[in-house]
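Here is how the chains run, residue by residue.
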Amino acid sequence: MFPRTRLRRLRSTPALRSLVAENRMSPADFIAPLFIIEGEDKREEIAFMPDCYRFTLDVLAEEVQILYALGIRSVLLFAKIADDLKDKTGTEALNPDGLIQRAIQTVRRAQPEMLVMTDVALDPYSIYGHDGIVVDQRIVNDKSVAVLAEMALSHARAGAHVVAPSDMMDGRVAAIRKILEEKGFVDTAIMSYSAKYASSFYGPFRHALVSTPGFGDKKTYQMDSANAVEALREARLDIDEGADIVMVKPGLSYLDILFRLKQALEVPLAVYQVSGEYSMLKAAAQRGWIDERAAVMESLIGFKRAGATVIATYFAKRAAQWL
Ligand code: PBG
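Each value, and the rule that gives it
- Residues numbered from 1 in each chain as written.
- Predicted model: local features only at pLDDT ≥ 70, side-chain atom pairs only at ≥ 80, totals over all residues.
- Heavy atoms only, no water.
- Helix = DSSP H or I, 4+ residues; strand = E, 2+ residues; numbered from the N terminus.
- Contact = heavy atoms within 4.5 Å.
- 1 Å grid on protein atoms, 1.4 Å probe; cavity = no way out; pocket = protein on both sides within 12 Å on 5 of 7 lines; lining within 4 Å.
- Points joined across faces, edges and corners; volume = space filled by probe spheres on them.
- Nonpolar A, V, L, I, M, F, W, Y, C, P; charged D, E, K, R; others polar.
- Phe/Tyr/Trp six-rings, centres within 6.5 Å; stacked < 30°, edge-to-face > 60°.
- Buried < 20%, exposed > 50% of the residue type's maximum accessible area, 1.4 Å probe, protein only.
- Lys NZ or Arg CZ within 6 Å of the ring centre and 35° of its normal.

> Whenever I open this one, the environment of Met168 confuses me. Can you help?
Within the fold, Met168 resides in the loop between strand S8 (162-165) and helix H5 (172-182). Counting along the chain gives 55 residues from Met168 to Met223, while the straight-line C-alpha distance between them is 8.3 Å. Those residues in contact with Met168 that lie beyond four places of it in its chain are Tyr193, Ser194, Lys196, Tyr221, Gln222, Met223 and Glu234.

This is the structure in structure tokens:
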């Protein structure tokens, strides 16, 4: 008798489809990236990222409570630094009263159960817009690592639960782990941007923070999109150096990387659906070319299917509402 098997049978009703769904999402899977600015009572929409805002600290406190009520348990903070505070070595990154340090404290106070994550890289603080220290137009590794470790420590001191180095310098996870241990921050987790590609999809983010590189690009430290095996080497090194969670970034163009890392490694995997991915979906949705909710949820479940445990996305709040 033919057909013996009808795969359509289990697709025939919403209840059956939901019963056999291999992956599910919950708001607790998401990390909500948040942009912070100085000032009071302001919520500035980011031109290239509709429905995404830069918040002053007072508004941040409210936003974090709203996110928590929606089931979101992690936020990743990014500060927009004033031009006159930027210099060649990113000194402001280490200011104990800097904007990011105050933002960490604000979130901790507003919602003590919320996990506070911070980005560790010098680009928002550097007049060059590069993630490390620049000497003669080159991004020098070891000097950068020393500053990045201090920066991570400064975030831990301010109350960050998780520091997320996004700079792609060699050896930075080891340096950060060492300084955290030495200073007694033994429970501060490291979520390493391990497989971070030199991607054109970061454009809207750099617009949001006014952190576009002043010269050149980031190809001498971020990964080449042509490579996959190298992502495994990066991730293994970071785990050896003390990373607790490893990340793949961007998301949609790199699902194969996520899948490979999932097969090979025994650590929680994060993916970052970056600004350009957000903007593309938003732009198409605003024109009525795609259905926003359906397209966003499809992209997010794709990350889970590929192996992500944790999803950083600018859609976190919307998706939590939809769920
Ligand atoms: C900083 C950093 C960037 C992103 C996260 N951390 C930009 C970059 O590396 O140029 C990109 C995030 C996004 O595009 O959403 N190093």
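Once you've had a look at it, read on.
> Just to check I follow, could you spell out empty space enclosed by the protein for this structure?
Regions of empty space are outlined by a rolling probe, equal in size to a water molecule, passed over the atoms. According to the stated counting rule, one finds two cavities of 30 Å³ or more in the structure shown. In terms of lining residues, the largest cavity is bounded by 16 residues, among which Asp123, Lys196, Tyr202, Phe205 and Lys249 are the most central. When grouped by side-chain class, the residues that make up the lining of the largest cavity number six nonpolar, three polar and seven charged. Along the wall of the second largest cavity there are 13 residues; nearest its centre are Phe78, Ala79, Asp119, Pro124 and Tyr125. It is strand S4 (residues 74-79) that provides the largest number of residues to the lining of the second largest cavity, a total of three residues. Considered class by class, the residues forming the lining of the second largest cavity number 10 nonpolar, one polar and two charged.

> I would appreciate a short explanation of the environment of Phe315 in the present structure.
Tracing the backbone shows Phe315 in the loop between strand S12 (310-313) and helix H11 (316-322). Taking the C-alpha atoms as reference points, Phe315 and Gln273, 42 residues apart in sequence, are found 8.9 Å from one another. If near-sequence neighbours (up to four positions away) are discounted, Phe315 is found in contact with Gln273, Tyr278, Leu281, Lys282, Glu292 and Val296.

> Quick question: what am I supposed to make of the packing of aromatic side chains here?
Working definition: an aromatic ring pair is given by the centre-to-centre distance plus the angle between the planes. Applying the stated criterion to the full structure yields 11 aromatic pairs. With a centroid separation of 6.2 Å and an interplanar angle of 35 degrees, the aromatic rings of Tyr193 and Tyr272 are classed as tilted. Of the two residues, Tyr193 is situated in strand S9 (residues 189-196) and Tyr272 in strand S11 (residues 269-273); the sequence distance between them amounts to 79 residues. Exposure class is identical for Tyr193 and Tyr272. Each is buried. Above the ring of Tyr53, the side-chain terminus of Arg43 is found at 6.0 Å from the ring centroid.

> How do you make sense of the layout of surface pockets when you look at a structure like this?
What the largest pocket holds in volume is close to 320 Å³. Listing elements by their share of the lining of the largest pocket, those giving two or more residues are strand S1 (30-36), strand S3 (49-55), helix H2 (57-69), helix H9 (275-286) and H11. Roughly 230 Å³ of internal volume is contained in the second largest pocket. Ile139, Asn141, Met169, Thr220 and Tyr221 are the residues nearest the centre of the second largest pocket, which is lined by 13 residues in total. When grouped by side-chain class, the residues that make up the lining of the second largest pocket number five nonpolar, four polar and four charged.

That is the geometry; function is a separate question.
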